[in-house]
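# Close look at the chain arrangement
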Amino acid sequence: MICVIVLAVAGLFWASTQVAWAYGTGRGEEDAHDLARRPEIVIDTKEPMAGLPSGVTQTALSTTGKDPAFAYRYRGFRLLLASGGRLFLVSGTWTLGRDQTIVVPYDNGIRIQLVSQP
């Protein structure tokens, strides 16, 4: 009898893990297909970024303006995920397995603007 209960509990744990995995995969695929409709992320940074994905542009900012610490502006990013104090950014045409993801710390080293899409 105890073996049956242990097997039933183990089966419930296994089933809940499978459901959570399938749900997370489905949500991730939905999010990836809707990137172009999400708001554009404009990022100002103090240091230049290397290895920008296609579709993202860099502009040098004036260092004599309102906030001279931010010297670079990047347009064309979309937010894929925010987790653990980091932003995972991709281009609006990002495809899983083909394009890269840029990971930046979400701290006072960056300034973020959201631009709604028409």
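Look a little higher up for the structure.
## Considerations on the overall build of the protein chain
Summing up its helical and strand segments, the protein chain has one helix and six strands in all. Helices and strands in the protein chain line up, N terminus first, as α-β-β-β-β-β-β. In summary, the protein chain has a C-alpha radius of gyration of 20 Å against a globular reference of 13 Å for 118 residues, an excess of more than 25%. Considering only C-alpha atoms, the protein chain reaches an extent of 75 × 30 × 25 Å along its principal axes. Taking all 118 residues of the protein chain together, the buried fraction comes to 21%. Restricting the contact set of the protein chain to residue pairs at least 6 apart, pairs at least 24 apart contribute 59%. Just so you have it, the protein chain exposes about 8,100 Å², and 62% of that area is on carbon and sulfur atoms.

## Describing the nonpolar core
Counting residues in each nonpolar core, the largest one holds eleven residues, listed as Ile41, Ile43, Met49, Val56, Tyr74, Phe77, Leu87, Leu89, Ile102, Val104 and Ile110. For this core, the secondary-structure elements that each account for two or more residues are strand S1 (40-45), strand S3 (72-83), strand S4 (86-91) and strand S5 (102-105).

## Focus on the environment of Arg38
By the secondary structure assignment, Arg38 is in the loop between helix H1 (2-33) and S1. The partly exposed category is assigned to Arg38, whose relative accessible area is 21%. Spatially, the C-alpha atoms of Arg38 and Leu80 are 9.6 Å apart, while their sequence positions differ by 42 residues. Beyond its immediate stretch of four places on either side in the chain, Arg38 contacts Asp31, Arg78, Leu79, Leu80 and Gln117. There is a polar contact of 2.5 Å between the side chain of Arg38 and the backbone oxygen of Leu79.

## Considering the packing of aromatic side chains
Counted according to the given criterion, the structure contains zero aromatic pairs. Across the ring face of Phe70, the terminal group of Lys46 is positioned such that the distance to the ring centre comes to 5.6 Å.

Here is what the cut-offs are and how they apply
Residues numbered from 1 in each chain as written. Predicted model: local features only at pLDDT ≥ 70, side-chain atom pairs only at ≥ 80, totals over all residues. Heavy atoms only, no water. Helix = DSSP H or I, 4+ residues; strand = E, 2+ residues; numbered from the N terminus. Rg over C-alpha atoms; globule rule 2.2 N^0.38 Å. Buried < 20%, exposed > 50% of the residue type's maximum accessible area, 1.4 Å probe, protein only. Contact = heavy atoms within 4.5 Å. Areas by Shrake-Rupley, 256 points an atom, 1.4 Å probe, with all protein chains shown as cover. Core = buried A, V, L, I, M, F, W, Y, C linked by side-chain atoms within 4.5 Å. Polar contact = N/O pair within 3.5 Å; in protein donor to acceptor, adjacent residues only side chain to side chain. Phe/Tyr/Trp six-rings, centres within 6.5 Å; stacked < 30°, edge-to-face > 60°. Lys NZ or Arg CZ within 6 Å of the ring centre and 35° of its normal.

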